[in-house]
Each structure stands twice: as structure tokens, then as C-alpha cells.
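# Survey of secondary and tertiary structure
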Amino acid sequence: MEDRDNREGAQPEHETAPASGGPTDLGSSSAIGKRLKAYYDDVASEPIPDRFLSLLDALDAVESAAKTPKED
């Protein structure tokens, strides 16, 4: 039986070298991309707080008032 620690040139299983000559895939198909997308999807599906909605409504009202010509 062969001792794992004494093998020459052996790499641990968790340390794999990237494929030679090819670019590193960091797009949506990579493991990092998939995890980030899953996290973003969870956050994006959360309901918007009422306080935030009321602030957006107030901003819309101020912008609408600024755009309409004032009659004196």
C-alpha cells in the first residue's frame, strides 16, 4: 500500500491546477457566479419595506411638483 504523503508530485485533491491555455471562467456559469446569482435572487425577491415605498412616493411627488409650471 502506498503512502499518500510520500508520493512525488502529488497534489491534494482540493488543489487542482487550472486547465492550461484556457481563460479562467468567472462568468455566470462559474461556481462563484452561481452562488452570487442565488444570493441576489433571494435578496431581490424580498418585499420592499413600506417606509422605503413612502420615501419613493414622496420623491415622485416632489419631482412632479418641480416639473409643473407654477402659476402666480
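Conventions adopted
- Residues numbered from 1 in each chain as written.
- Predicted model: local features only at pLDDT ≥ 70, side-chain atom pairs only at ≥ 80, totals over all residues.
- Heavy atoms only, no water.
- Helix = DSSP H or I, 4+ residues; strand = E, 2+ residues; numbered from the N terminus.
- Areas by Shrake-Rupley, 256 points an atom, 1.4 Å probe, with all protein chains shown as cover.
- Patch = residues over 30% accessible without salt bridge, like charges linked within 9 Å, V, L, I, M, F, W, Y side chains within 5 Å.
- Salt bridge = Lys/Arg side-chain N within 4 Å of Asp/Glu carboxyl O.
- Buried < 20%, exposed > 50% of the residue type's maximum accessible area, 1.4 Å probe, protein only.

## Details of the overall build of the protein chain
For the protein chain, the count of helices and strands is 2 helices and 0 strands. For the protein chain, the computed accessible surface area is about 7400 Å², with 55% contributed by carbon and sulfur atoms.

## Re a nonpolar patch on the surface
A surface patch of nonpolar side chains, amounting to about 520 Å² of accessible area, comprises Ile48, Phe52, Leu53, Leu55, Leu56 and Leu59. Here Phe52 lies in helix α2 (residues 50-67). The exposure class of Phe52 is partly exposed, given its relative accessible area of 45%.

## Regarding the pattern of salt bridges
A side chain with one charge can pair with a side chain of the opposite charge if their charged atoms come near. The tally for this structure, following the rule as stated, stands at 1 salt bridge. Two residues, Lys37 and Asp41, come together in a salt bridge whose shortest N-O distance is 2.9 Å. With Lys37 and Asp41 both in helix α1 (residues 31-44), this residue pair falls 4 residues apart, about one helical turn.

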